[in-house]
Amino acid sequence: MNSEEKKMDEMKNVEEETIEKNVEQPATEEGQPAEGEAQNEAEEPEKELTPEEKLQAEVEKLQAEQEEMKDKYLRLSAEFDNYRKRTMKEKAELILNGGEKAFKAILPVIDDMERALATMQKATDVEAVKEGVDLIYNKFIQILGQNGVQAIETKEKELDTDYHDAIAIIDAPTEELKGKILDCVETGYTLNDKVIRHAKVVVGK
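Below is a short write-up of the structure.

Here is what the cut-offs are and how they apply
Residues numbered from 1 in each chain as written. Predicted model: local features only at pLDDT ≥ 70, side-chain atom pairs only at ≥ 80, totals over all residues. Heavy atoms only, no water. Patch = residues over 30% accessible without salt bridge, like charges linked within 9 Å, V, L, I, M, F, W, Y side chains within 5 Å. Areas by Shrake-Rupley, 256 points an atom, 1.4 Å probe, with all protein chains shown as cover. Salt bridge = Lys/Arg side-chain N within 4 Å of Asp/Glu carboxyl O. Helix = DSSP H or I, 4+ residues; strand = E, 2+ residues; numbered from the N terminus. Buried < 20%, exposed > 50% of the residue type's maximum accessible area, 1.4 Å probe, protein only. Pairing = 2+ DSSP bridges. Axes fitted to C-alpha atoms, helices over the stretch in contact; angles between N-to-C directions. Expected span 1.5 Å × (residues − 1). Arc of directions from axis to C-beta. Polar contact = N/O pair within 3.5 Å; in protein donor to acceptor, adjacent residues only side chain to side chain.

**A look at a nonpolar patch on the surface**
Together, Leu117, Met120 and Val133 line one region of the surface with nonpolar side chains, adding up to about 250 Å² of accessible area. Note that Val133 resides in helix 5 (residues 126–146). Classification of Val133 as partly exposed rests on a relative accessible area of 38%.

The structure is reproduced here in structure tokens:
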């Protein structure tokens, strides 16, 4: 190989190396930011809001809170209205049917009275009839007690106007009975410690 051919080969190698470098590192297009410039732009702080934008954001936040509170109020109002209606209905039913338990308890006494009346039509033993009536009476008093009804005590008790109604005053047979109840004309009753009928009594003086 002569000297001219060597020079030609060397020039050819230089051109190939130049082309390879251009392929590996392409030039950035005009108008496109370089990689370092793009990173700088991403790291820039967000734009600060203007006073008008801040006020608008605050207004929107308050409006959202107002809508939420309004929704809660409407729900609570509806729930309370349903509760009020349900309570009124239960109270009305209690007033109408409150005595159902007591009346059911009395029905067996009525059955006994009907049987006693039927027996009295053909009974010849008066003592047996009296005993049957006493049993019915005691059963009735027991049922009343189970339902909270109690007779007011009066015999030789001090007059108490909370429980007794004095309808007459007579001379007391002894000093100890002065101011005390001598006789009960009509028995009084309490229902769960509340007076439902005062006892009508005669008091000694």
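**Thoughts on the sheet that holds strand 3 (residues 181–186)**
The three strands lie next to each other as 2-6-3, forming an open sheet whose pairing is mixed. Two strands close off the open sheet at either side, each with one partner strand: strand 2 (164–170) and strand 3. Adjacent strand axes in the sheet meet at a mean angle of 30° when their direction is disregarded. Where strand 2 and strand 6 (residues 199–204) come together, six bridges link them in parallel fashion. Its bridge partner being in strand 6, Asp165 is matched across the sheet by Lys200.

**Let's talk about helix 5**
In this model, helix 5 (21 residues) spans 31 Å end to end at C-alpha, consistent with the 30 Å of a helix rising 1.5 Å per residue. Residues of helix 5 that are buried: Ile136, Ile143 and Leu144. Seen along its axis, helix 5 keeps its buried residues to an arc of 105°; they face one direction. Along helix 5, exposed side chains directed more than 90 degrees from the buried face belong to Glu127, Glu131, Leu135, Gln142 and Gln146. The N-terminus of helix 5 is capped by Asp125, whose side-chain oxygen sits 3.2 Å from the backbone nitrogen of Glu127. Of the residues trailing helix 5, Gly148 is marked for its positive phi of about 90°.

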